[in-house]
Amino acid sequence: MDEINTLFEQRSEAIRAKDLERLLAFYSPDVVYFDVVPPLQYVGSAALRGRFTHWFEGFAGPIGQELSELTVTADGDVAVASMLIRAGGTLVNGPRISQWLRSTSVCRRWDHGWLITHEHVSLPVDLATGLAVRDLTP
């Protein structure tokens, strides 16, 4: 579905630009967001604002954000999107990171368009070491 694909491409643009207000505009006010960092669940746009502010502040410059394998299934006013995301950039404390994330999002069509109502982001982990797997090729 083109509208959903566009939503996620525009969301990535907002992340790359570290544009907090634009990024939050893609989420419903009552969003439930499961993240890879504690507290693991953020409920509502105010909680998400705090999470994204902290995330943006951790990077010295832009945040890389490339979508891959975006798959959308929609029925009426509900859509589910899954994707791989290559994310990275230079952290404030110096190192440059690059990693793959997995994301599943549930979207709902509102009067003014589609918004993300639930999102689950995960980081691949090597179970033997407990460390994040950073070099993956989809």
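Okay, so let's go over this structure. Since the structure is predicted, the reported quantities are computational estimates derived from the model, not experimental observations.

## Focus on the pattern of salt bridges
Note on pairing: side chains with opposite charge can pair once their charged atoms come close.
So, point 1. Per the stated rule, a full pass over the model turns up 6 salt bridges.
So, point 2. Between Arg 22 and Glu 13 there is a salt bridge, with the nearest N and O atoms lying 3.1 Å from each other.
So, point 3. Glu 21 is paired through a salt bridge with Arg 49; the nearest N and O atoms lie 2.6 Å apart. Of this pair, Glu 21 sits in helix 2 (residues 20-24) while Arg 49 sits in helix 3 (residues 45-57), and the two are 28 residues apart along the sequence.
So, point 4. Sharing partners across several salt bridges, the network here consists of Glu 3, Asp 77 and Arg 109.

## A few points about the side chain of Arg 11
So, point 1. Mapped onto the elements of the fold, Arg 11 is located in helix 1 (residues 2-17).
So, point 2. Side-chain polar atoms of Arg 11 contact the side chain of Glu 119, separated by 2.5 Å.
So, point 3. Sequence-distant contacts of Arg 11, that is, excluding residues within four places in its chain, are made with Leu 23, Phe 26, Tyr 27, Met 83, Ile 85, Ser 105, Ile 116 and Glu 119.

## Some points on helix 1
So, point 1. Between the first and last C-alpha of helix 1 there are 23 Å, a value that for 16 residues agrees with the 22 Å anticipated at 1.5 Å per step.
So, point 2. Among all positions of helix 1, only Ile 4, Leu 7, Phe 8, Arg 11, Ser 12, Ala 14 and Ile 15 are buried. The arc enclosing the buried residues of helix 1, seen along the axis, measures out at 160°, which places them on a common side. Away from its buried face, by an angle of more than 90 degrees, helix 1 presents the exposed residues Asp 2 and Ala 17.
So, point 3. After helix 1 finishes, the residue Lys 18 shows a positive phi value of roughly 55°.

## A closer look at the sheet that holds strand 5 (residues 96-110)
So, point 1. The 6 strands lie next to each other as 2-1-6-5-4-3, forming an open sheet whose pairing is mixed. The open sheet terminates on both sides in strands that have one partner only, identified here as strand 2 (41-43) and strand 3 (64-75). Direction aside, the axes of adjacent strands within the sheet are offset by 20° on average.
So, point 2. Its contacts with the sheet put helix 1 on strand 1 (27-34), strand 3, strand 4 (78-90), strand 5 and strand 6 (113-122), and the angle it makes with strand 3 is roughly 155°.
So, point 3. Where helix 3 meets the sheet, its contacts fall on strand 1 and strand 2, and the angle it forms with strand 1 comes to roughly 60°.

## Notes on the pairing of strand 4
So, point 1. Bridging between strand 3 and strand 4 involves 10 bridges; their strand directions are antiparallel. From the neighbouring strand, Gly 64 faces strand 4, where its bridge partner is Gly 88.
So, point 2. Where strand 3 folds back on strand 4, the antiparallel hairpin that results is connected by 2 residues, among which Gly 76 adopts a positive phi of roughly 65°.
So, point 3. Bridge count for strand 4 against strand 5 is 13 bridges, and the pairing is antiparallel.

The rules behind each value
Residues numbered from 1 in each chain as written. Predicted model: local features only at pLDDT ≥ 70, side-chain atom pairs only at ≥ 80, totals over all residues. Heavy atoms only, no water. Salt bridge = Lys/Arg side-chain N within 4 Å of Asp/Glu carboxyl O. Helix = DSSP H or I, 4+ residues; strand = E, 2+ residues; numbered from the N terminus. Polar contact = N/O pair within 3.5 Å; in protein donor to acceptor, adjacent residues only side chain to side chain. Contact = heavy atoms within 4.5 Å. Expected span 1.5 Å × (residues − 1). Buried < 20%, exposed > 50% of the residue type's maximum accessible area, 1.4 Å probe, protein only. Arc of directions from axis to C-beta. Pairing = 2+ DSSP bridges. Axes fitted to C-alpha atoms, helices over the stretch in contact; angles between N-to-C directions.

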